[in-house]
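As a plain string of letters, each chain reads:
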Amino acid sequence: MQLRFYNSLTRSKDIFTPLDAGHVRLYACGPTVYDVAHIGNFRMAVVFDVLNRLLRHVYPRVTYVSNITDVDDKIMIAASERGEDIVTLTQKYTKIYNDDLRSLKCELPDIQPRATDHIPQMIKLCEDLIARGHAYVAEGHVLFHVPSFPAYGGLSGRSRDDQIAGARVDVAPYKKDAADFVLWKPSTGEQVGWDSPFGRGRPGWHIECSAMAEAHLGLPFDIHGGGADLKFPHHENEIAQSCCAHGHTHDLSHFAKVWIHNGFLTVEGEKMSKSLGNFTTAQDLLAKGVKGEVIRYALLAGHYRQPLDWTQNGVHQAKAQLDKFYKLLHAQEVLEADIPHTVLEALADDLNTPKVIAELNALYNAGDAAGLKAAGALIGILQDNPRAWLGLDNQADGDADWITDLINARAAAKKAKDFAMADSIRAELLNQGIVIEDTKDGTLWRRG
Ligand code: AMP
Ligand code: ZN
């Protein structure tokens, strides 16, 4: 089976040839855990989960690494604003992130390294870069010296003017060059920090991924991914650090061979982001009773490289499609089947999920429930019990009484605007393995 992916580094759709066909290695930049992630963040998670599933289908072994950034200035600010310590805060949001991943039917990465567990590796990278003349120490900082790496900018294609455009206004006086970026920065008394040969401090963001990718995958590895906004500066800087630390100053692909970037999730044409305030979290949607699989389907409805506009209508359509498919799965006895070739071909062609969805509809129209279910598994949908999905089990359940009582109590709490109580009843139900969904016909429940 031949896979083809658009590689941001070569700017072409290339046939994928793993470095080792017996073990494919994939890295995707994960979240900075200072708050609840929004649906835009999960577009990346769902896209790379689908890629991971495809690779696993084709190759005998895949290692998928996706990091948790648990030291960052945004985290420090959030912790001090909320009066929480950093470890408590990052653990809380890591857990919520992983709960959301599971709700969205993502397999957890094989390895989810935390930045704070890799400080020695980051310090070592800084030392190697200094020793090779690519970095220098200034006022407690370690900085990467961009002019030492003429190939810099090759991933994003940014000119030198564009590289320094953001920095020009206020270039730190200790920088030798306006484009130089921070590998390590000093921490003052109460700020989180680690002892290092450069003084007590903490890592810059980019060095974290260089250290974690190398620690868990070795260099070079096959595929590196993330959102398109990470191309510059984050991924450009990862490449610079990792290539230069090992003396590969001409070959940008000595860090990762293939670079895959997902487009933005947008709202009315604008990037969904915390700072614009136009964001929706998975938590919000799940609490409103939108199923994780519906969110997932809506995120896969567009091609991963294109912007995808998030609309109510998109969510409704995703639900209607999945309901339709589950009805066929419910109507027939579904036997084990191979993944239909049409579906595999579509996904193998640069993860063409809109084509996959068209093929799912063709299978539906042909009444091929077995093919539909096998195809669904490849992109992480249609694996629920159809009766449970369609809410058909509720009445027959011997436990229904206590569940109905709790649902009624929650409705009463909501009516009385006691939302804390309503939420705690929902949590209690979830604790007992019962997932509820508010619909126009009332609250439905199923075993989750
Ligand atoms: P952040 O926490 O902002 O570093 O983002 C975590 C991941 O989500 C990165 O891979 C980003 O590129 C990605 N991301 C953030 N916002 C969006 C968006 N609106 N659409 C798609 N991906 C996004
Ligand atoms: Zn990264």
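Residues numbered from 1 in each chain as written. Chains lettered and ligands numbered in written order. Predicted model: local features only at pLDDT ≥ 70, side-chain atom pairs only at ≥ 80, totals over all residues. Heavy atoms only, no water.

**Notes on the pattern of salt bridges**
Close approach of charged atoms allows side chains with opposite charge to pair.
Now for step 1: Across all of its chains, the model carries 24 salt bridges by this definition.
Now for step 2: For K92, the salt bridge is made with E84, and the minimal N-O distance between the two is 3.5 Å.
Now for step 3: Looking at E84, the relative accessible area reads 24%, which means it is partly exposed.
Now for step 4: The shortest N-O distance in the salt bridge between D350 and R305 comes to 3.1 Å. Separated by 45 residues along the polypeptide, D350 in the loop between α11 (341-348) and α12 (353-365) and R305 in the loop between α9 (292-300) and β13 (308-309) bring together distant segments of the chain.
Now for step 5: The network of salt bridges with shared partners includes D49, R53, E107 and R296. (Salt bridge = Lys/Arg side-chain N within 4 Å of Asp/Glu carboxyl O. Buried < 20%, exposed > 50% of the residue type's maximum accessible area, 1.4 Å probe, protein only. Helix = DSSP H or I, 4+ residues; strand = E, 2+ residues; numbered from the N terminus.)

**Notes on the sheet that holds strand β6 (residues 141-144)**
Now for step 1: Ordered in space as β5-β6-β7-β8, the four strands form an open sheet in which the pairing is antiparallel. Looking at strand neighbours, the two that pair on one side only are β5 (135-138) and β8 (201-203), the edges of this open sheet. The mean inter-strand angle of the sheet, taken between neighbouring strand axes irrespective of direction, is 20 degrees.
Now for step 2: Across three bridges, the pairing between β6 and strand β7 (residues 181-186) is antiparallel. Within β7, the residue paired with F144 across the bridge is F181. (Pairing = 2+ DSSP bridges. Axes fitted to C-alpha atoms, helices over the stretch in contact; angles between N-to-C directions.)

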